Amino acid sequence: MGLLLSILNTFTSYFAFNKYTTISEDKKYHKSCRSTNPNKLISYQSKIDNLKSSDIVYRTYVPDDKVSWSVSWSEYKPVEYTAPKLIQNKPDWADVQNPLDIKSWNVIDGKTDRRSHLGRYELIDGIPINPCGRTGVCGRGQLGKWGPNHAADPIVTRWKRDQQGNKIFDSETKKPILQFVSIKRLDTNEWAIPGVKIFLCYFLASVF
C-alpha cells in the first residue's frame, strides 16, 4: 500500500515573551495556554516532567476580557519562568539568557530564523512580545528562543484499502477514507500530529 508523504513547509510559531503584547480584537482568545478559572490554575510545565510540587509553575489567572493588551490591567502580575536547564546547561541551540544581547528581530539572524508565521511582532523594552495575548507567564519557559520558536509537522497519509488493495469508501459520504500517522501525547493523552522543533533556519533544506 503506497504512502503519500506530504511535508508541510509551514511553521507553528511559539513565543517566549514578556508581560507586554498586543492582539487584534477580531482574533479568538486562546484558552489552552492560560488559566481561565481563578480557582483552578493550570501549570506551565508538562505532566511528564515529574516535578516536585514545589517546582511547579502555575499560570496567573487571565480572564477572557483581559487577554487583549488593548485592555488596561495594571494588576496583572505574570509569573516569570525560564526552565533551569536552559540557564544551567546553556545548550548551543538556545538563545542567551538576556534578550537585550540580541540585536536582530523579525529577520534571519545568522542560523536562527527570527521571523514569525504570524507576521511582524513588536518589541517592548528590547524584548519580543507575544501577539496572542496574555498567558499568565513571562520569560522563555521551556523554549530555547526568545520570540518565535519554529516547529515543523510532517503529514503522512494513505488511503484506507482492503486486502485486495482497493480503496475503502465511507458508507455515508461515499468518499474514500484517508488515514494519517499520529501520536498520543504523554503529557495530555491527546492524539496529535508528530512534529519537531526547528532550531536552524535551514533545517528543512538540509533534511529534505
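Below, the structure is looked at part by part. Note that the structure is a prediction, hence the values are computed from the model and not measured.

Some points on the overall build of the protein
Working step 1: Assigned secondary structure in the protein consists of 2 helices and 14 strands.
Working step 2: Put simply, of all contacts in the protein between residues at least 6 apart along the chain, 68% involve residues at least 24 apart.
Working step 3: With an accessible surface of roughly 13,600 Å², the protein has 53% of that area assigned to carbon and sulfur atoms.

Section: the nonpolar core
Working step 1: In terms of nonpolar packing, the biggest core is built from 7 residues, these being Y44, V57, Y81, A83, L86, A94 and V137.
Working step 2: Sequence-distant contacts of A83, defined by excluding residues within four places in its chain, comprise G141 and Q142.

Some remarks on the pattern of salt bridges
Opposite charge on two side chains permits pairing when their charged atoms draw close.
Working step 1: The full count for this structure, using the stated rule, is 6 salt bridges.
Working step 2: D95 is the salt-bridge partner of R114, the closest N and O atoms lying 2.9 Å from each other. Pair noted here: R114 is in the loop between strand 5 (112–113) and strand 6 (123–124) and D95 is in the loop between helix 1 (84–89) and strand 4 (108–109), with a separation of 19 residues, a long-range link. Each member of the pair, R114 together with D95, is buried.
Working step 3: For R114, the salt bridge identified is with D109, shortest N-O distance 2.9 Å.
Working step 4: Classification of R114 by relative accessible area gives buried; the value is 4%.
Working step 5: Three or more residues joined by partner-sharing salt bridges are found here, namely D95, D109, R114 and K145.

Some details on the pairing of strand 8 (residues 137–141)
Working step 1: The element strand 8 is largely enclosed, with a buried count of 5 among its 5 residues.
Working step 2: Across 3 bridges, strand 3 (residues 79–82) lies against strand 8 in parallel orientation. The partner of E80 across the bridge, within strand 8, is C138.

Structural notes on the packing of aromatic side chains
Working step 1: If you walk through the whole model with that rule in mind, you get 1 aromatic pair.
Working step 2: Ring geometry for W73 and Y76: centres 5.1 Å apart, planes at 25°, overall stacked. Comparing W73 with Y76 shows no difference in burial state: the two are buried.
Working step 3: Over the aromatic face of W105 sits the side chain of R114, whose NZ or CZ is 5.2 Å from the ring centroid.
Working step 4: The cationic tip of R134 hangs over the ring face of Y76; the distance from NZ or CZ to the ring centre is 5.2 Å.

Section: unusual backbone geometry
Working step 1: We note that N106 has phi near 65°; this positive angle belongs to a residue other than glycine.
Working step 2: Mapped onto the elements of the fold, N106 is located in the loop between helix 1 and strand 4.
Working step 3: Although it is not a glycine, D125 adopts a positive phi angle of roughly 55°.
Working step 4: Tracing the backbone through its elements, the reader meets D125 in the loop between strand 6 and strand 7 (127–128).
Working step 5: A relative accessible area of 62% means that D125 is categorised as exposed.

Side note on the environment of V107
Working step 1: Position of V107 among the secondary structure elements: in the loop between helix 1 and strand 4.
Working step 2: Residues V107 and R120, spaced 13 residues apart in sequence, show a C-alpha to C-alpha distance of 9.4 Å.
Working step 3: Ignoring anything within four residues of it in the chain, the contact list for V107 reads T112, D113, R114 and R115.

Here we look at the side chain of R59
Working step 1: Within the secondary structure layout, R59 lies in the loop between strand 2 (14–16) and strand 3.
Working step 2: Leave out the neighbours within four places in its chain, and R59 touches C33, R34, S35, L41, I42, S43, Y44, T135, G136 and V137.

Overview of the environment of S104
Working step 1: Structurally, the position occupied by S104 is in the loop between helix 1 and strand 4.
Working step 2: Accessibility expressed as a relative area gives 27% for S104, which makes it partly exposed.
Working step 3: Expressed as a C-alpha distance, the spacing of S104 and R114, which sit 10 residues apart in the sequence, is 7.9 Å.
Working step 4: Setting aside residues up to four positions removed in sequence, S104 forms contacts with D109 and R114.

Rules used in this analysis
- Residues numbered from 1 in each chain as written.
- Predicted model: local features only at pLDDT ≥ 70, side-chain atom pairs only at ≥ 80, totals over all residues.
- Heavy atoms only, no water.
- Helix = DSSP H or I, 4+ residues; strand = E, 2+ residues; numbered from the N terminus.
- Contact = heavy atoms within 4.5 Å.
- Areas by Shrake-Rupley, 256 points an atom, 1.4 Å probe, with all protein chains shown as cover.
- Core = buried A, V, L, I, M, F, W, Y, C linked by side-chain atoms within 4.5 Å.
- Buried < 20%, exposed > 50% of the residue type's maximum accessible area, 1.4 Å probe, protein only.
- Salt bridge = Lys/Arg side-chain N within 4 Å of Asp/Glu carboxyl O.
- Pairing = 2+ DSSP bridges.
- Phe/Tyr/Trp six-rings, centres within 6.5 Å; stacked < 30°, edge-to-face > 60°.
- Lys NZ or Arg CZ within 6 Å of the ring centre and 35° of its normal.

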